[in-house]
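Analysis of the macromolecular model
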Amino acid sequence: MDSLRNPKVVASLGALCALLGFAAYAATEHVVTQKAKAFSVKRLVVKVGEAVKFLNEDSFAHNVFSLSDAKSFDLGSYGPGASRSVTFDKAGTVEVECAVHPDMRMVIEVVK
Amino acid sequence: MGTAGGGARALNVPVVDAQPKLAGRPRSMGVSRWKRDMRLFALLMIAMVVAVAATSSALMWRLLREQAVAASEGQSRIDAAATTRQLILEVDRLLLKSVALSEPDAVRAAAVASIAAASRMEDAVSALKLMLPDSKDVERMAQLVEQVKPSRMRVIVHARKGDDEQAIATIASISEPLRSIDQLSVTVQQVQVEQRRLDAEAWERHVRRQIQLLLVGSIVGLAVAWHFYRRLMRQLARTGELEALLLDVSVAARRMDGDGAMLDDLNHDMRDCQARLAGIINDLQSAFQAMDAERRQAVDALGTIENACKQSMQTSMEQAGHACAVVEQIRGAAQQMHALRETSTHLSRNREQIVGFTETITRISSMTRLLSMNAAVEAARAGEAGKGFAVVAQSIRELSDQTQAAVLEISRASEEITLQVAATEKTVVHTQGLMVDCSQRMAILENSAQQNHQLVDALALELARFSAIFNTQAKRVQAMDVDVARLDESLQSGQAQVQLLSETAASLTGASSRMLARLAAVTQ
């Protein structure tokens, strides 16, 4: 308890927490934008357990989904400025599409 | 040539002002006040009409917009509810289709189509939520849509895997929620239809009320308009005068325009006339100069003729004098001829005497000869004593012969003298006759010379008179030349005035055109 009163200790713990938080944040979520009826990246590599945030920067709605064995999901329709997140908890190749715009495709490689 | 009249404006024509000042202060104030009142009245009328029209239009527009928006929103809600129902059925159908199909690509296509239909359904429900944020049915619909989403994906996964039983079971598990969504859509649709009916009734009441208000407003507006109309009619009574005035001004302006054009044409003609007049003046002056030169030549010729007449008269006088002298000489010669005739007559008489003497001498000579012969005979008879007497007789005979010869010569000479005297007498007579004739002719010549002298005298008088008349004519021509010079000066002055007239005509035409333009703008 006395060590907790040491300012240096407190500062070090705080920095460590921040770093861990940032690392955790940086390690757990990727951001992919939808702009001009296309994904911002065509191929993305994530680790198992990490999440991908799909951000709609178009002026109309998108509906991102995937029917891959590694991860099947349907984010539903979300409008301009809205976002949906998906956590990939299984290794494999996930083909991501848009139900509204059939030409929008990308691939997410989930690695261990 | 005379100079132009200094370019001075003989005509004091004022420049036409495009904006003539009004005459008299009270009159201008009255017209200005009237114009102000008219303007105010017109503005009030316009403002009232615009206000009524704007208010009516705004109200109607608001009503129509509200009605249209309400109708549109109601219809959108109904359409969204209907779309939701359709899409519910579509999703269900596609899910079943994905289960029914066996081809992987076809299953995938059906699955993607079902996801797309579900996406549109979510959009329709989201639209309904926006349009009916307070509707619990719509809220419930949204929740059910989210609720069935994972089950839908499971159906797709099972269908892709070929696990039809699981897929059908999952479909069965979501059939109730889908039915609920459908029912809720129907409810929302019915509610919206009812709402639309109620809205239509409310709108009809609202429109009726608005129409009543507009009617009241129109009546009030009509009353105000009638009041304004009455005032306007009173004001317009004065516009009749103004219209008449404008008409008169228009007529005057047109007349001015026409007069300006006529003035311009007249000015044109005057310029032409002046040009022709100037040409004629130039010709006249040239002619006057030529006439003056010819006059001088004529005067010189008249002087020469006069001198010649004088000389002729003098010569005639001299000739008459010479003729008189000749006549005198002829008379003298005639007298001398007469004396010569008398002399020849006397000579003839003397010749007769000489003839007598020659006859006497001849007789004497014959007697002598006879005597000599007798002497000779006697001498012969006397013999030797008579030889000396014979010689004397011989000498007397020779002398008688000589005398006879001399008498013959004298007779011959006398005859010649007689012939010559006769010839001379004849010649003298002829000459006398000629001289008489010549004298007569000279007398005639003298008369002719005198007549000629008289004629020349008369000619000189006539020439003098002609010269006087000619000089008078020349003075008149000079006076005409002076008049022509004055005419030229007047012409120059006229040209300046023509120029001024042209400017005045142009000013009149411009002023009339401006007036007509303003009148046209006012009367339109």
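Our structure is the block above this text.
Because the structure is a prediction, the values reported are computed rather than measured.

**Quick notes on the overall build of chain A**
For chain A, the helix and strand inventory stands at 1 helix and 9 strands. Written out in order from the N terminus, the α and β elements of chain A read α-β-β-β-β-β-β-β-β-β. A burial count over chain A gives 36% of its 112 residues as buried. Sequence-distant contacts, at least 24 apart, represent 49% of the contacts inside chain A between residues at least 6 apart. By element, 60% of the accessible surface of chain A is carried by carbon and sulfur atoms, the whole surface being about 6,200 Å².

**Comments concerning the packing of aromatic side chains**
Residues and elements named next belong to chain A. In this structure the tally under the stated criterion is 3 aromatic pairs over all chains. Consider the rings of F39 and F54, whose centres lie 6.2 Å apart with planes at 70 degrees: the pair is edge-to-face. Linking F39 in strand 2 (residues 38-39) with F54 in strand 4 (residues 51-56), this pair joins segments that are 15 residues apart in sequence. Residue class for F39 comes out buried when judged on its relative accessible area of 5%. Ring geometry for F73 against F88: centres 6.1 Å apart, planes inclined by 85 degrees, an arrangement best described as edge-to-face. In this pair, F73 is assigned in strand 6 (residues 72-78) and F88 in the loop between strand 7 (83-87) and strand 8 (92-98), connecting sequence segments 15 residues apart.

**Examining the interface of chain B and chain A**
Put simply, an interface is often sized by how much accessible area is lost when its parts join up. With 14 residues of chain B in contact, the opposing surface of chain A contributes 16 residues. Summed over both sides, the interface of chain B with chain A buries roughly 1,100 Å², with 54% coming from carbon and sulfur. Ranking the residues of chain B by area buried against chain A places R108(B), I115(B) and M153(B) at the top, with a combined share of 38%. Linking chain B with chain A are 2 salt bridges. A salt bridge links R152(B) to D74(A), with the shortest nitrogen-to-oxygen separation between them at 3.0 Å. Linking chain B to chain A there are 6 residue pairs in polar contact (both at pLDDT 80 or more). At the level of elements, helix 2 (104-131) and helix 3 (136-161) of chain B are the ones that each hand at least two residues to the side of chain B that touches chain A.

**Side note on the side chain of Q34(A)**
Residue and element names in this part refer to chain A. Mapped onto the elements, Q34 comes out in strand 1 (residues 29-35). Among the residues examined, Q34 registers a relative accessible area of 0% and is labelled buried. Only 2.6 Å separates the side chain of Q34 from the side chain of Y78, close enough to count as a polar contact. Ignoring anything within four residues of it in the chain, the contact list for Q34 reads F39, F54, L55, N56, E57, D58, H62, V64, Y78 and M104.

**Some details on the sheet that holds strand 8 of chain A**
On the basis of which strands lie adjacent, the open sheet formed by 5 strands has the order 3-9-8-5-6 (chain A) and mixed pairing. In the strand order of this sheet, the two ends are held by strand 3 (43-47) and strand 6 of chain A, each with one partner. On average, adjacent strands in this sheet sit at an angle of 20 degrees to one another, irrespective of strand direction. The pairing of strand 5 (residues 62-67) of chain A with strand 8 of chain A spans 3 bridges and is antiparallel. Residue pairing in the sheet places S66(A) in a bridge with V96(A) of strand 8 of chain A. Relative to the sheet, helix 2 of chain B contacts strand 5, strand 6, strand 8 and strand 9 (105-111) of chain A, its axis offset from that of strand 5 of chain A by approximately 150 degrees.

**Some words on the pattern of salt bridges**
Throughout the structure, instances matching the rule amount to 22 salt bridges over all chains. Between E109(A) and R43(A) there is a salt bridge whose closest N-O contact spans 2.7 Å. Of this pair, E109(A) sits in strand 9 while R43(A) is found in strand 3, placing the two residues 66 residues apart along the sequence. Here E109(A) falls in the buried class, since its relative accessible area comes to 17%. Here R43(A) falls in the exposed class, since its relative accessible area comes to 51%. Measuring nitrogen to oxygen at the nearest pair gives 3.9 Å for the salt bridge that ties E122(B) to R152(B). Of this pair, E122(B) sits in helix 2 while R152(B) sits in helix 3, and the two are 30 residues apart along the sequence. Of the two residues examined, E122(B) and R152(B), each falls in the buried class. Through salt bridges with shared partners, a single ionic network connects D74(A), E122(B), E146(B), K149(B) and R152(B).

**What about the environment of E122(B)?**
In this structure E122(B) comes out as buried when scored by relative accessible area, which is 6%. Remark: the alpha-carbon pair of E122(B) and E146(B), spanning 24 residues in sequence, is separated by 8.5 Å. Excluding its chain neighbours within four sequence positions, the residues that come into contact with E122(B) are G76(A), S77(A), V145(B), E146(B), K149(B) and R152(B). Here S77(A) takes part through its backbone nitrogen, which lies 2.7 Å from a polar atom of the side chain of E122(B).

Rules used in this analysis
Residues numbered from 1 in each chain as written. Chains lettered and ligands numbered in written order. Predicted model: local features only at pLDDT ≥ 70, side-chain atom pairs only at ≥ 80, totals over all residues. Heavy atoms only, no water. Helix = DSSP H or I, 4+ residues; strand = E, 2+ residues; numbered from the N terminus. Buried < 20%, exposed > 50% of the residue type's maximum accessible area, 1.4 Å probe, protein only. Contact = heavy atoms within 4.5 Å. Areas by Shrake-Rupley, 256 points an atom, 1.4 Å probe, with all protein chains shown as cover. Phe/Tyr/Trp six-rings, centres within 6.5 Å; stacked < 30°, edge-to-face > 60°. Buried area = accessible area lost by both parts, 1.4 Å probe. Salt bridge = Lys/Arg side-chain N within 4 Å of Asp/Glu carboxyl O. Polar contact = N/O pair within 3.5 Å; in protein donor to acceptor, adjacent residues only side chain to side chain. Pairing = 2+ DSSP bridges. Axes fitted to C-alpha atoms, helices over the stretch in contact; angles between N-to-C directions.

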